[in-house]
Amino acid sequence: VKPQSFSASPNNMLLARLPQQEYQRLLPLLRHVTLEFKHVLNEPHSSIEQVHFPIWGVVSAVTVMQDGDSIEVATIGNEGMVGLPALFGDEESPNRMVVQVDGEAMRMDASVFRAEASKDGPLRRLMARYHTAFHCQVSQAVACNGLHTVQRRCCRWVLMTHDRVQGDEFPLTHEFLSHMLGVRRVSVTEVLKPLQDAGLLSNRRGRVTVLDRAGLENAACECYRTVRNEFDRLLGEPSLKD
Ligand SMILES: [Zn+2]
């Protein structure tokens, strides 16, 4: 069961891991904002002005090559935050950070975040652990892309996205999924068809609906569970159940 409403308790799973008193102290420094589809939160090598703690939605970290070619290297949702380099006083983002599924976030000025995270307190300890968990997520994705079948990777990607949206349905164009999975656009249909035939999901008019969550978990590679377990191990159980 996913959290359903925005309330005094944090729906960003990272903020949910702060002691309640610390969260209440930081709350006036956070602003509730919407994440618009395709909005760029940071361009590569531009200064990070704000950090975002997503509540719903998915943000892609994209690496841009010199010739303009780009590929997605990580996705961030309500398990994490956008603007991690600001933690170490780095004022630049190495990636383009772009909203892939629209949603909502809690936003904090980067200068305020830096000042708060430089204090020896719960936020600093939490962010240090999140940095390790994020590194685990990225390294697992590198291994996954090299070792696991496109079918299983697709299930993993659908589960990760399902965790980060409201409800069971979200937008997914074949063009986007082909970038995600590193396959030609025509192959996306071949990848999705067995999953549809097995009743795990439906895919119509650029939207995916999750029909059988447990079935998708069985069909996904181990990487989905590995990353979730590592987040729980490093960060502790969130106060909100997922
Ligand atoms: Zn994998």
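Scroll up for the structure.
What comes next is a walk through the structure. Given the structure is predicted, the values throughout are model-derived calculations rather than measurements.

**Looking at the overall build of the chain**
So, point 1. From N to C terminus, the chain includes eight helices and eight strands.
So, point 2. The C-alpha atoms of the chain give a radius of gyration of 18 Å, which matches the 18 Å a tight globule of 242 residues would have.
So, point 3. Put simply, 73% of the contacts in the chain that link residues at least 6 apart link residues at least 24 apart.
So, point 4. Accessible surface, the chain as shown: approximately 12,000 Å² in total, 51% of it carbon and sulfur.
So, point 5. With 27 positive and 29 negative side-chain charges, the chain shows a spacing of 3 Å between the two charge centroids.

**Points about the pattern of salt bridges**
So, point 1. Evaluated as defined, the whole model comprises 14 salt bridges.
So, point 2. The closest approach of N and O atoms between Arg213 and Asp163, which form a salt bridge, is 3.0 Å. Of this pair, Arg213 sits in helix H7 (residues 213–219) while Asp163 sits in helix H4 (residues 150–163); the two residues are 50 residues apart in sequence, bridging distant segments of the chain.
So, point 3. For Arg213, a relative accessible area of 22% puts it in the partly exposed group.
So, point 4. Overlapping salt bridges, with partners in common, bring together Asp163, Arg213, Glu217, Arg225 and Arg228 in one network.

**So, the state of the cysteines**
So, point 1. Counted according to the given criterion, the structure contains zero disulfides.
So, point 2. Cysteine Cys154 remains unbridged, with the sulfur of Cys155 as its closest cysteine sulfur at 5.9 Å.
So, point 3. Overall, the relative accessible area of 1% leaves Cys154 in the buried class.
So, point 4. The exposure class of Cys155 is buried, given its relative accessible area of 1%.

**Points about the coordination of the zinc ion**
So, point 1. The protein atoms that coordinate the zinc ion are Cys144 (SG), His148 (ND1), Cys221 (SG) and Cys223 (SG), at distances of 2.1 to 2.3 Å.
So, point 2. Coordination at the zinc ion is tetrahedral, judged from the four donor atoms that bind it and the angles of 99 to 119 degrees they form at the metal.
So, point 3. Considered as a linear motif, the donors of the zinc ion on their single chain read C-x3-H-x72-C-x1-C. Accessibility classification places Cys221 together with Cys223 in one group, the buried group.

**Things to note about the packing of H4 against helix H5 (residues 174–181)**
So, point 1. For the pair H4 and H5, the least separation of the axes is 11 Å and the interaxial angle reads 115 degrees. Here H4 lies roughly perpendicular to H5, going by the angle between them. Seen from above, H4 lies across H5 with right-handed handedness. Contact with H4, carried on its side by Val150, Arg153, Cys154 and Trp157, involves Phe176, Leu177, Met180 and Leu181 of H5 and no other residues of that element.
So, point 2. Residues of the contact of H4 with H5, tallied by class, amount to seven nonpolar, no polar and one charged.

**Regarding the sheet that holds strand E8 (residues 207–210)**
So, point 1. On the basis of which strands lie adjacent, the open sheet formed by three strands has the order E6-E8-E7 and antiparallel pairing. Every interior strand has two partners, whereas the edge strands, strand E6 (169–171) and strand E7 (201–204), have only one. Taking the axes of each pair of neighbouring strands and ignoring which way they run, one obtains an average angle of 20 degrees across the sheet.
So, point 2. Strands in contact with H4 are E6, E7 and E8; relative to E6, the strand with the most contacts, it is inclined by about 105 degrees.

**Regarding the nonpolar core**
So, point 1. Judged by nonpolar contacts, the single largest core of 41 residues is most densely connected at Phe53, Met81, Phe113, Met127 and Tyr130.
So, point 2. Elements with a minimum of two residues in this core: helix H1 (20–26), strand E1 (31–35), strand E3 (50–64), strand E4 (70–76), strand E5 (96–109), helix H2 (110–118), helix H3 (122–147) and helix H8 (223–235).
So, point 3. Ignoring any residue separated from it by four or fewer positions in sequence, one finds Met81 in contact with Leu14, Val51, His52, Phe53, Pro54, Ile76, Phe113, Met127 and Tyr130.
So, point 4. Val58, Leu159, Leu172 and Leu192 belong to the second-largest nonpolar core, a separate cluster that totals 26 residues.

**Overview of H3**
So, point 1. Relative to the 38 Å expected for 26 residues at 1.5 Å per residue, H3 spans 37 Å between its end C-alpha atoms, a close match to the ideal helical length.
So, point 2. Among the residues making up H3, those that are buried are Leu123, Leu126, Met127, Tyr130, Ala133, Phe134, Cys136, Gln137, Gln140, Ala141 and Cys144.
So, point 3. In this structure, the buried residues of H3 make contact with H1, E4, H2, H4 and H8.

Rules behind the numbers
- In this numbering scheme, every chain counts its residues from 1 along its sequence in written order.
- With the structure being a predicted model, the display of local features is reserved for residues of pLDDT at least 70 and the display and counting of side-chain atom pairs for 80 or more, all residues being used for whole-chain, interface and lining totals.
- In computing side-chain values, all of the structure's heavy atoms are included and hydrogens and water are not.
- Helix and strand definitions here come from DSSP, where helices need a minimum of 4 consecutive H or I residues and strands a minimum of 2 consecutive E residues; each element is numbered from the N-terminal end.
- What the globule rule says is 2.2 Å times the number of residues to the power 0.38, and the radius of gyration is computed from C-alpha atoms.
- Throughout, a residue-residue contact means that at least one pair of heavy atoms, one from each residue, lies within 4.5 Å.
- Only the protein chains shown count as cover for residues, and the accessible areas themselves come from Shrake-Rupley with a 1.4 Å probe.
- For the charge count, each Lys or Arg is scored as positive and each Asp or Glu as negative, with His and the chain ends excluded.
- For charged residues, the charge sits on one atom: NZ in Lys, CZ in Arg, CG in Asp, CD in Glu.
- A pair is scored as a salt bridge if a Lys or Arg side-chain nitrogen falls within 4 Å of a carboxyl oxygen belonging to Asp or Glu.
- Residue burial is assigned from relative accessible area. The probe radius is 1.4 Å, only protein chains are included, and a residue is buried under 20% of its type maximum, exposed over 50%, and partly exposed in between.
- Note on terminology: pairs of cysteine sulfur atoms within 2.5 Å are recorded as disulfides.
- Each metal's donors are the N, O and S atoms within 2.8 Å of it, or within 3.2 Å when it is Na, K or Ca, and because water is not part of the set, sites may look incomplete.
- Irregular is the label for any site that misses the other tests, which are tetrahedral for four donors with all angles between 85 and 135 degrees, and square planar for four donors or octahedral for six when opposite donors exceed 155 degrees and the remaining angles lie between 65 and 115.
- Fitted lines through C-alpha atoms give the axes, limited to the stretch in contact for helices. The angle between two N-to-C directions lies from 0 to 180 degrees.
- Should an angle fall under 35 degrees it is taken as roughly parallel, and over 145 as roughly antiparallel, whereas 65 to 115 is taken as roughly perpendicular and any remaining angle as oblique.
- In a left-handed crossing the near helix is turned counterclockwise from the far helix by less than a right angle, and in a right-handed crossing that turn is clockwise.
- Under the scheme applied here, ten amino acids are nonpolar (Ala, Val, Leu, Ile, Met, Phe, Trp, Tyr, Cys and Pro), four are charged (Asp, Glu, Lys and Arg), and all others, including Gly, are polar.
- Two strands form a pair only when DSSP identifies at least two bridges running between them.
- Here the nonpolar core consists of buried residues drawn from Ala, Val, Leu, Ile, Met, Phe, Trp, Tyr and Cys, with membership extended through side-chain atoms lying within 4.5 Å.
- Expected span of a helix, by definition, is 1.5 Å for each gap between consecutive residues, and there is one gap fewer than residues.

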